[in-house]
Amino acid sequence: MNLQTARLDDTSREVVIATPASNGGPQVRIFQLSKTAHKLVTQFFAYSSGRRMGLSVAVGNILQGGGQEIMVSPTEGKYPVEVRIFSSRGALRKQFYPASDRYRNGADLSAGDLYAFDNTDEMLTSTYANDIPGVFVFRRKNETALQHILSFYAYNLGFRGGVRTELGHFGL
């Protein structure tokens, strides 16, 4: 299981977003937690419900349409890596191939303000195992489009162990 915590709306309530790590239905489930219980807030299928796959999940204000979006991508090599971006309620807002529609090795996602405090979130995608150790950065271009702004190799090109990314602020 992959988990992400976030504040998806204007409330101060933190939610937990759960997706399968591998070989599950491509279901995204959002829970509110309290000290004594949990409540399923909403759930949706990010891809066709008949597919079996793992999903990487990230949360950020990528499209800047009034709140956080939920981003998912396949982590396994059965299907093309198509990133899908959803509203906090599960409505599909955007989908795109971060590399090629032929790339099938899976991708990891993270999101946040990479360029520290410009109030614009970026999304990072990175390759899973059995491929070059690539990291690709996207940011909002306009109301409907994302722009690829940066790529780099996290390790030597011979490394095939996969790359996981995470964005955070370290107070530098």
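Residues numbered from 1 in each chain as written. Predicted model: local features only at pLDDT ≥ 70, side-chain atom pairs only at ≥ 80, totals over all residues. Heavy atoms only, no water.

Brief notes about the overall build of the protein
Alright, step 1. A count of helical and extended segments in the protein gives zero helices and 12 strands.
Alright, step 2. Computed over its C-alpha atoms, the radius of gyration of the protein comes to 16 Å, within 12% of the 16 Å expected for a compact globule of 172 residues.
Alright, step 3. Each principal axis of the C-alpha distribution contributes one length, and for the protein these read about 50 × 40 × 30 Å.
Alright, step 4. Taken over 172 residues, the protein has a buried fraction of 44%.
Alright, step 5. Counting contacts in the protein only where the partners sit at least 6 residues apart, residues at least 24 apart contribute 43% of the total.
Alright, step 6. Within the structure as shown, the protein displays about 9400 Å² of accessible surface, and the carbon and sulfur contribution to it stands at 47%.
Alright, step 7. In the protein, which carries 19 positive and 15 negative side-chain charges, the distance between the mean positions of the two groups comes to 7 Å. (Helix = DSSP H or I, 4+ residues; strand = E, 2+ residues; numbered from the N terminus. Rg over C-alpha atoms; globule rule 2.2 N^0.38 Å. Buried < 20%, exposed > 50% of the residue type's maximum accessible area, 1.4 Å probe, protein only. Contact = heavy atoms within 4.5 Å. Areas by Shrake-Rupley, 256 points an atom, 1.4 Å probe, with all protein chains shown as cover. Lys, Arg positive; Asp, Glu negative; His and termini not counted. Charge placed at Lys NZ, Arg CZ, Asp CG, Glu CD.)

Re the side chain of serine 73
Alright, step 1. Mapped onto the fold, serine 73 is located in strand β6 (residues 69-74).
Alright, step 2. Within the structure, the side chain of serine 73 is placed 3.1 Å from the backbone oxygen of alanine 107, a separation counted as a polar contact.
Alright, step 3. Non-local contacts of serine 73, meaning those with residues more than four positions away in its chain, are made with Tyr47, Gly54, Leu55, Ser56, Val81, Glu82, Val83, Ala107 and Leu109. (Polar contact = N/O pair within 3.5 Å; in protein donor to acceptor, adjacent residues only side chain to side chain.)

Some words on the nonpolar core
Alright, step 1. Counting 16 residues, the largest nonpolar core has Leu8, Ile17, Val28, Ile30, Ala46, Ile70 and Val72 as the members making the most contacts within it.
Alright, step 2. Of all the secondary structure elements, the ones that give two or more residues to this core are β2 (15-19), β3 (27-33), β5 (55-60) and β6.
Alright, step 3. The leading source of residues in this core is β5, at three residues.
Alright, step 4. Non-local contacts of valine 28, meaning those with residues more than four positions away in its chain, are made with Ile17, Ala18, Thr19, Thr42, Gln43, Phe44, Ala46, Leu55, Ile70 and Val72.
Alright, step 5. By size, the runner-up hydrophobic cluster in this structure holds 12 residues, among which are Ala58, Ile62, Phe96 and Leu146. (Core = buried A, V, L, I, M, F, W, Y, C linked by side-chain atoms within 4.5 Å.)

Quick notes on the sheet that holds strand β4 (residues 38-45)
Alright, step 1. Read from one edge to the other, the open sheet built from four strands follows the order β1-β2-β3-β4, with strand pairing classed as antiparallel. Each of the sheet's edge strands pairs with one partner strand only, and the pair in question is β1 (2-6) and β4. Each adjacent strand pair in this sheet contributes to an overall mean axis angle of 20°, direction not counted. (Pairing = 2+ DSSP bridges. Axes fitted to C-alpha atoms, helices over the stretch in contact; angles between N-to-C directions.)

Observations concerning unusual backbone geometry
Alright, step 1. Of note, asparagine 23 is a non-glycine position whose phi angle comes to about 55°, a positive value.
Alright, step 2. Among the secondary structure elements, asparagine 23 is positioned in the loop between β2 and β3.

Concerning the packing of aromatic side chains
Alright, step 1. For the coordinates displayed, the defined rule picks out three aromatic pairs.
Alright, step 2. Between phenylalanine 96 and phenylalanine 138 the ring centres are 5.1 Å apart and the planes differ by 65°, which places this aromatic pair in the edge-to-face class. With phenylalanine 96 in strand β8 (residues 92-96) and phenylalanine 138 in strand β11 (residues 134-140), the pair connects residues that are 42 residues apart, well separated along the chain. When sorted by exposure, phenylalanine 96 lands in the same class as phenylalanine 138, which is buried.
Alright, step 3. Between the aromatic rings of tyrosine 155 and phenylalanine 159, the centroid separation amounts to 4.7 Å while the plane-to-plane angle is 45°, which identifies the pairing as tilted. (Phe/Tyr/Trp six-rings, centres within 6.5 Å; stacked < 30°, edge-to-face > 60°.)

Looking at the pattern of salt bridges
Alright, step 1. One pass over the structure, following the stated rule, counts four salt bridges.
Alright, step 2. Two residues, glutamate 14 and arginine 7, come together in a salt bridge whose shortest N-O distance is 3.3 Å.
Alright, step 3. We classify arginine 7 as partly exposed; its relative accessible area is 46%.
Alright, step 4. Between arginine 84 and glutamate 82 there is a salt bridge, and its shortest N-O distance comes to 2.9 Å. The pair arginine 84 / glutamate 82 is uniform in exposure class, with both members buried. (Salt bridge = Lys/Arg side-chain N within 4 Å of Asp/Glu carboxyl O.)

Remarks on the sheet that holds β11
Alright, step 1. A sheet is described by the order of its strands in space; here four strands give the open sequence β9-β10-β11-β12, paired in antiparallel fashion. The outermost strands of the open sheet, each flanked by one partner alone, are β9 (107-112) and β12 (146-153). On average, each strand axis in the sheet is tilted by 20° relative to the strand beside it, whichever way the strands run.
Alright, step 2. Relative to strand β10 (residues 122-127), β9 runs antiparallel, the two sharing six bridges. Bridged to alanine 107 within β10 is threonine 127.

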